[in-house]
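Observations on the model geometry
Residues per chain are reported as follows:
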Amino acid sequence: MGKQTKKALNFDFNTHIISDNMSEMQINGVYNKAYYDIKKYLLSNGFEHTQELGYTSIEPMSDKKVNKLISKLTEEIPYVAEAFSSVQITNVGKVYDLT
């Protein structure tokens, strides 16, 4: 098995697809269903929310595992896959908080 590290996931949406197809599914007037569904899925699969569409794994994981999680995400929430303009996976090294 390859080296396991914490993973950071960052997504970008084609907002036109989201707004055209999801506008009636707003949650509390703030988050649309796509953002909510991704957050719910990743939080239940070992990630913490770090920014709007950014998540970091709580524990180290293999590249294979994170790729399977993304694949399963797009199977379980297929409308989201159509709206992704970018999905970035980064190995997390040391994190420094400068605040």
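Here we summarise the structure given alongside this text. (Residues numbered from 1 in each chain as written. Predicted model: local features only at pLDDT ≥ 70, side-chain atom pairs only at ≥ 80, totals over all residues. Heavy atoms only, no water.)

**Details of the side chain of Thr 56**
When you line up the elements, Thr 56 lands in strand E5 (residues 54-57). Under the relative-accessibility criterion, Thr 56 is labelled buried at 15%. Thr 56 has contacts with Lys 7, Ala 8, Gly 46, Phe 47, Glu 48, Thr 50 and Val 92, leaving out every residue within four places of it along the chain. (Helix = DSSP H or I, 4+ residues; strand = E, 2+ residues; numbered from the N terminus. Buried < 20%, exposed > 50% of the residue type's maximum accessible area, 1.4 Å probe, protein only. Contact = heavy atoms within 4.5 Å.)

**Quick word on the pattern of salt bridges**
The full count for this structure, using the stated rule, is 2 salt bridges. Lys 7 is the partner of Asp 63 in a salt bridge, and the nearest nitrogen-oxygen pair spans 2.6 Å. With Asp 63 in helix H3 (residues 63-76) and Lys 7 in strand E1 (residues 6-13), this pair connects stretches of sequence that are 56 residues apart. The class of Asp 63 is partly exposed, set by a relative accessible area of 42%. The class for Lys 7 is buried, based on a relative accessible area of 1%. (Salt bridge = Lys/Arg side-chain N within 4 Å of Asp/Glu carboxyl O.)

**Section: helix H2 (residues 33-43)**
Inspection of H2 places Ala 34, Tyr 35, Asp 37, Ile 38, Tyr 41 and Leu 42 among the buried residues, and these make up the whole buried set. The buried residues of H2 occupy an angular sector of 165° when projected down its axis, which confines them to one face. (Arc of directions from axis to C-beta.)

**Quick look at the sheet that holds E5**
What the 4 strands build is an open sheet, ordered E4-E5-E1-E6; its pairing is antiparallel. Each end of this open sheet is capped by a strand with a single partner; those strands are strand E4 (47-51) and strand E6 (84-92). On average, adjacent strands in this sheet sit at an angle of 25° to one another, irrespective of strand direction. The pairing of E4 with E5 spans 4 bridges and is classified as antiparallel. The residue bridging His 49 from the neighbouring strand is Tyr 55, located in E5. This element, H2, spans E1, E4, E5 and E6 of the sheet and lies at about 170° to E1. (Pairing = 2+ DSSP bridges. Axes fitted to C-alpha atoms, helices over the stretch in contact; angles between N-to-C directions.)

**Focus: the packing of aromatic side chains**
Within a pair of aromatic rings, the relevant descriptors are the distance that separates the centres and the angle that separates the planes. The final tally for this structure, using the stated rule, is 1 aromatic pair. A ring pair is formed by Phe 11 and Phe 84, whose centres lie 5.0 Å apart and whose planes are at 15°; its orientation type is stacked. One end of the pair, Phe 11, is in strand E1; the other, Phe 84, is in strand E6, and 73 residues separate them in sequence. The same class applies to Phe 11 and to Phe 84, which are both buried. (Phe/Tyr/Trp six-rings, centres within 6.5 Å; stacked < 30°, edge-to-face > 60°.)

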